[in-house]
Amino acid sequence: MIKIRFLKSKLTGNIYPQQVDIRSFNAKDLADKLRERYGSIAPIVIDDAFRIISDRLAEGYIVSLDRLGTFSLRLGIDKPEAMDFDDVRPQDVKFKGVRFNAAKEIRLKVGKQSIHKVKDPNHLISNTTTRWRVFLAQMLKDSDNLQKPLAQLPVTISLYRMYTGATDYTARKDLTALCAKGLLSDISTAHTKMYLIV
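Computed from a predicted structure; not experimentally measured.

Visitor: Is there a simple way to think about the overall build of the protein chain in this case?
Guide: When helices and strands are counted, the protein chain shows six helices and nine strands. Projected onto the principal axes, the alpha-carbon positions of the protein chain cover approximately 55 × 50 × 40 Å. Buried residues in the protein chain amount to 25% of all 198 residues. Look at the contacts in the protein chain between residues 6 or more apart in sequence, and 46% of them connect residues 24 or more apart. Accessible surface computed for the protein chain: about 14100 Å², of which carbon and sulfur atoms make up 56%. Averaging the coordinates of the 33 positive side-chain charges in the protein chain and doing the same for the 22 negative ones gives two points 9 Å apart.

Printed below as a string of structure tokens:
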């Protein structure tokens, strides 16, 4: 069952659905599930699989896993003014990210799920301070589960949205305010907004 709430875009005025009440299912959760089925070797196999996928992507492969999906590189040119093939060199090509296209089997399975609207769209969290407390509590759990210090766990807009149910606009606003209060430090790159808990 997929839970949603309806929101209104402040920019366009259009109504759009947002998924809510979903905790992330991470690599540790996957390893735990597989450990139940296949024993203690499962986490090692998962780690190795992730490493192999990363290595192949770094070598320029398109990684296609039949029942999961396809990972491919997103590339761009640092010369937006280039209009001729002679104007660009391989050095001008920059890595922009990794694209994932889910397999048809996954898309069909998710597409068959029922969608339910939550009764009170404001039941999640109503203000920045409360959202921060909820987010911090979840990050502390992640810190324990991953056995990593809290200060080493990156905070992204999508992660903040997922743990608090905030809209993209609210998440960005909250994270900016939390930086101003000294609770987060901005470690964003040219392509990714990212923070660390201080």
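Visitor: Mind showing me how you'd approach a nonpolar patch on the surface here?
Guide: There is a patch of nonpolar side chains on the surface, built from Leu75, Ile77, Val93, Phe95 and Val98 and spanning about 460 Å² of accessible area. Contributing elements (two or more residues each) for the nonpolar patch: β4 (69–77) and β5 (93–102). For the nonpolar patch, the element with the highest residue contribution is β5, accounting for three residues. With respect to the helices and strands, valine 93 occurs in strand β5.

Visitor: How should I be thinking about the pairing of strand β1 (residues 2–8) in this particular structure?
Guide: Each regular strand displays side chains that alternate between the two surfaces of the sheet. As paired strands, β1 and strand β6 (residues 115–117) are joined by three bridges and run parallel to one another. The residue bridging isoleucine 4 from the neighbouring strand is lysine 117, located in β6. As paired elements, β1 and strand β2 (residues 15–19) share five bridges and run antiparallel to each other. Residue pairing across strands places phenylalanine 6 opposite proline 17, the latter belonging to β2. Connecting β1 to the antiparallel partner β2 that follows it, the hairpin turn spans six residues, and glycine 13 within it adopts a positive phi of roughly 85°.

Visitor: Even after reading the chapter, I still don't get the packing of helix α5 (residues 157–164) against helix α6 (residues 168–180), so can you show me in this structure?
Guide: The description of two packed helices rests on the angle between their axes and on the distance between the axes. Between α5 and α6, the shortest axis-to-axis distance is 9 Å and the interhelical angle comes to 110°. Taken together, the axes of α5 and α6 are roughly perpendicular relative to one another. Between α5 and α6, the residues in contact are Ile157, Tyr160 and Arg161 and Asp168, Ala171, Arg172, Asp174, Leu175 and Leu178, respectively. Split by residue class, the contact of α5 with α6 holds five nonpolar, no polar and four charged.

Visitor: Hey, could you run me through the pattern of salt bridges in this one?
Guide: Should their charged atoms come close, side chains of opposite charge can pair. As enumerated under the stated definition, the model contains eight salt bridges in all. A salt bridge links aspartate 48 to arginine 51, with the shortest nitrogen-to-oxygen separation between them at 3.4 Å. In this pair, aspartate 48 and arginine 51 both sit in helix α2 (residues 42–58), three residues apart, roughly one turn of the helix. You can call aspartate 48 partly exposed: its relative accessible area is 36%.

Visitor: Teacher, can you tell me more about a negative patch on the surface here?
Guide: A surface patch of like charges, here negative, comprises Glu81, Asp84, Asp86 and Asp87. Tracing the sequence through the fold places aspartate 84 in the loop between β4 and β5. Overall, the relative accessible area of 40% leaves aspartate 84 in the partly exposed class.

Visitor: Can you help me understand the sheet that holds strand β3 (residues 63–65) in this one?
Guide: By way of backbone hydrogen bonds, the strands of a sheet pair with one another, either parallel or antiparallel. Pairing is antiparallel in the open sheet, where three strands are placed in the order β3-β4-β5. In this open sheet, the two edge strands, each paired with only one partner strand, are β3 and β5. Direction aside, the axes of adjacent strands within the sheet are offset by 25° on average. Note: β4 against β5, nine bridges, orientation antiparallel. Looking at the pairing, leucine 75 lines up with phenylalanine 95 of β5.

Criteria and cut-off values
- Residues numbered from 1 in each chain as written.
- Predicted model: local features only at pLDDT ≥ 70, side-chain atom pairs only at ≥ 80, totals over all residues.
- Heavy atoms only, no water.
- Helix = DSSP H or I, 4+ residues; strand = E, 2+ residues; numbered from the N terminus.
- Buried < 20%, exposed > 50% of the residue type's maximum accessible area, 1.4 Å probe, protein only.
- Contact = heavy atoms within 4.5 Å.
- Areas by Shrake-Rupley, 256 points an atom, 1.4 Å probe, with all protein chains shown as cover.
- Lys, Arg positive; Asp, Glu negative; His and termini not counted.
- Charge placed at Lys NZ, Arg CZ, Asp CG, Glu CD.
- Patch = residues over 30% accessible without salt bridge, like charges linked within 9 Å, V, L, I, M, F, W, Y side chains within 5 Å.
- Salt bridge = Lys/Arg side-chain N within 4 Å of Asp/Glu carboxyl O.
- Pairing = 2+ DSSP bridges.
- Axes fitted to C-alpha atoms, helices over the stretch in contact; angles between N-to-C directions.
- Parallel < 35°, antiparallel > 145°, perpendicular 65-115°, else oblique.
- Nonpolar A, V, L, I, M, F, W, Y, C, P; charged D, E, K, R; others polar.

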